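In case you want the letters, here they are:
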Amino acid sequence: MTMLQAIWWISIFMAVLSVAIMFVLIVRRLIIQRRQTWWGKRKNELTGVVFDHMEDPKSIAAIKGDMSDRDMRLIHEIAHELMGSVSGTTKMNLLTLLTEVGGLESAIAAVQSKNERQRFIAIDNLLLFNNIRAIKALIDVLDDPYPRIRLAAAGALVKMGAHIPVGQLIDKLGVDSGIRPRLLREVFRKIAPRSVSEMIDILKSDAPDSVRELLIDALGAASDYTAVDALIAEMKSPAVNIRAEVMRALAAIGHPSALPAVLKGLEDEAWEVRTQAAISAGRIGLAETLPYLIRLLDDGQWWTRFRAAGAMKKLGTDGMSKLQEISAGSSPAASIAALVLAEGKAA
């Protein structure tokens, strides 16, 4: 076979292969369209069935045996979609109907699926039931190999009001991995009000900084003044993020016993900590910090100067009078004081 013949046969083969691939794609598209058409039509039919049995949800058990597995999946889908737009007795009836057609069993089976997407959807479905079986299934999911699945399960458990020890959550969610999804903070913030003592005990241990930072944030969200001493102790940390987080937490709690830590923070070597300390001083209303705030008006960081001036403004007459006095000059402190005073006038 000559080179020209080889090229010719290869060209024919590629042309036939292209036609075959195109034919397969067309057939596949037709099958998908047909399936979608059937799915939409059947879903409309079953939506009517759901509404027919809404007032007496247990009556659907009589026709359940005549429905296929695909029908059951569609009824689950319809019920879940409706659940977000109803309330009161209607929502309770819809949940009963969903239970009657095996919605809970289906969600428990799905959450054990090998398909990650199905497990993720199942977690949201289990949240609807909020009973012992659903909670047990979600606790098992805390051992899932995928971090986002474990975190979603933890979020669902918290919404259900299930108590999970803080230490167990830390271990299951891999908090010390350095990952900081927003949902992770939300989970710990929600459990904090009933877990203050547990969190304080962990702070007293040799927990890694990633865990400490998360717990400090959660304790601030709990607004429990009994955590103030434990938070103040964290100001000894060499980590800037920890010290800055302490200042944010103390500002959120707003208790005057935070004064020693705030004074220390206002003289911290890290500008991030000084800035957060200034915010804390203003939010808590610590008049004793005024001399420190005045010094911060000459800080090397603009943001620190701005926050210090803003804190002085919140300290009442004394702070305002000092700002007005300083604003008459021409230094960086005067510029920032004038800026903050002007903002007040503009508002």
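Undergrad: An account of the overall build of the protein chain is needed here, citing residue identities and associated values.
TA: Scanning the protein chain for helices and strands turns up 20 helices and zero strands. Across the 347 residues in the protein chain, those meeting the buried criterion constitute 43%. For the protein chain, contacts bridging at least 24 residues in sequence account for 62% of all contacts bridging at least 6. Carbon and sulfur atoms provide 57% of the accessible area of the protein chain, an area that totals close to 19,100 Å². In the protein chain, 42 side chains carry a positive charge and 39 a negative one; their mean positions are 5 Å apart.

Undergrad: Would you mind going over the side chain of Glu 213 in detail, with residue names and values included?
TA: Note that Glu 213 resides in helix α12 (residues 209–222). Exposure remark for Glu 213: the relative accessible area of 17% places this residue in the buried category.

Undergrad: Which residues make up unusual backbone geometry, and what values do they have?
TA: Even without glycine at this site, Ser 223 takes up a positive phi of about 55°. Position of Ser 223 relative to the elements: it lies in the loop between α12 and α13 (228–233).

Undergrad: I'd like to hear about the pattern of salt bridges, residue by residue, with values.
TA: Summed over all chains, the structure comprises 17 salt bridges. We note a salt bridge from Glu 100 to Lys 58, for which the minimum N-O separation is 3.3 Å. You can see Glu 100 sitting in helix α4 (residues 88–100) and its partner Lys 58 sitting in the loop between α1 (3–52) and α2 (61–64), a full 42 residues away along the chain. Residue Arg 133 is joined to Glu 105 by a salt bridge in which the shortest nitrogen-to-oxygen separation is 3.1 Å. Placement of Arg 133 in helix α7 (residues 132–141) and of Glu 105 in helix α5 (residues 103–110) is noted, with a sequence separation of 28 residues between them. Its relative accessible area of 39% is what places Glu 105 among the partly exposed residues. By sharing partners, the salt bridges in this structure join Arg 185, Arg 189, Glu 213, Asp 217, Glu 245 and Arg 248 into a single network.

Undergrad: With reference to specific residues and values, describe the packing of aromatic side chains.
TA: Both the distance between ring centres and the angle between the ring planes are used here to describe each pair of aromatic rings. Evaluated as defined, the whole model comprises three aromatic pairs. Plain terms: the ring middles of Trp 302 and Phe 306 are 5.1 Å apart, the flat faces sit at 10° to each other, and that makes the pair stacked. Of the two residues, Trp 302 and Phe 306 both sit in helix α18 (residues 302–314), four residues apart, roughly one turn of that helix. Taking relative accessible area as the criterion, Trp 302 reaches 40% and is therefore assigned partly exposed.

Undergrad: Account for helix α16 (residues 271–284), with residues named and values stated.
TA: In an α-helix, one turn spans 3.6 residues; hence positions three or four apart end up facing the same way. Between its first and last C-alpha, α16 extends 20 Å over 14 residues, near the 20 Å set by a 1.5 Å rise per residue. Taken across its 14 residues, α16 has eleven buried, putting it largely inside the fold. Val 273, Arg 274, Thr 275, Gln 276, Ala 277, Ala 278, Ile 279, Ser 280, Ala 281, Gly 282 and Ile 284 are the residues of α16 that are buried. Here the buried face of α16 lies against α14 (240–253), α15 (259–266), α17 (290–296) and α18.

Undergrad: Let's hear about α1: which residues, and what values?
TA: Over its 50 residues, α1 extends 73 Å from the first C-alpha to the last, a length consistent with the 74 Å expected when each residue adds 1.5 Å. Here the buried face of α1 lies against α2, α3 (69–83) and α4.

Undergrad: Can you lay out the environment of Gly 300 for me, pointing to particular residues and giving the numbers?
TA: As for its position among the elements, Gly 300 is in the loop between α17 and α18. In this structure Gly 300 comes out as exposed when scored by relative accessible area, which is 74%. Along the backbone, Gly 300 and Pro 332 are 32 residues apart, and their C-alpha atoms lie at a distance of 9.4 Å.

Undergrad: Any chance you could break down the packing of α5 against helix α6 (residues 116–129) for me, citing the residues and the numbers?
TA: One can describe the packing of α5 onto α6 by two numbers: an axis separation of 8 Å at closest approach and a directional angle of 145°. Judged by the twist between their axes, the crossing of α5 over α6 is left-handed. Contact residues: α5 offers Gly 103, Leu 104, Ala 107, Ile 108 and Ala 110, while α6 offers Gln 118, Arg 119, Ala 122, Asn 125, Leu 126 and Phe 129. Class assignment of the residues belonging to the contact of α5 with α6 gives a composition of seven nonpolar, three polar and one charged.

Undergrad: Lay out the packing of α1 against α3 in plain terms, naming residues and giving numbers.
TA: Put simply, α1 and α3 touch, their axes get as near as 9 Å, and they point 65° apart. With respect to α3, the axis of α1 lies roughly perpendicular. Regarding α1 and α3, the two cross each other, and that crossing is right-handed. Here Trp 38, Trp 39, Arg 42, Lys 43, Leu 46, Thr 47, Val 50 and Phe 51 of α1 lie close against α3, whose contacting residues are Arg 70, Asp 71, Arg 73, Leu 74, Ile 75, Glu 77, Ile 78, Glu 81 and Leu 82. Here the contact of α1 with α3 is built from residues that sort into nine nonpolar, one polar and seven charged.

So, how was this worked out
- Residues numbered from 1 in each chain as written.
- Predicted model: local features only at pLDDT ≥ 70, side-chain atom pairs only at ≥ 80, totals over all residues.
- Heavy atoms only, no water.
- Helix = DSSP H or I, 4+ residues; strand = E, 2+ residues; numbered from the N terminus.
- Buried < 20%, exposed > 50% of the residue type's maximum accessible area, 1.4 Å probe, protein only.
- Contact = heavy atoms within 4.5 Å.
- Areas by Shrake-Rupley, 256 points an atom, 1.4 Å probe, with all protein chains shown as cover.
- Lys, Arg positive; Asp, Glu negative; His and termini not counted.
- Charge placed at Lys NZ, Arg CZ, Asp CG, Glu CD.
- Salt bridge = Lys/Arg side-chain N within 4 Å of Asp/Glu carboxyl O.
- Phe/Tyr/Trp six-rings, centres within 6.5 Å; stacked < 30°, edge-to-face > 60°.
- Expected span 1.5 Å × (residues − 1).
- Axes fitted to C-alpha atoms, helices over the stretch in contact; angles between N-to-C directions.
- Left-handed = near helix turned anticlockwise from the far one by under 90°.
- Nonpolar A, V, L, I, M, F, W, Y, C, P; charged D, E, K, R; others polar.
- Parallel < 35°, antiparallel > 145°, perpendicular 65-115°, else oblique.

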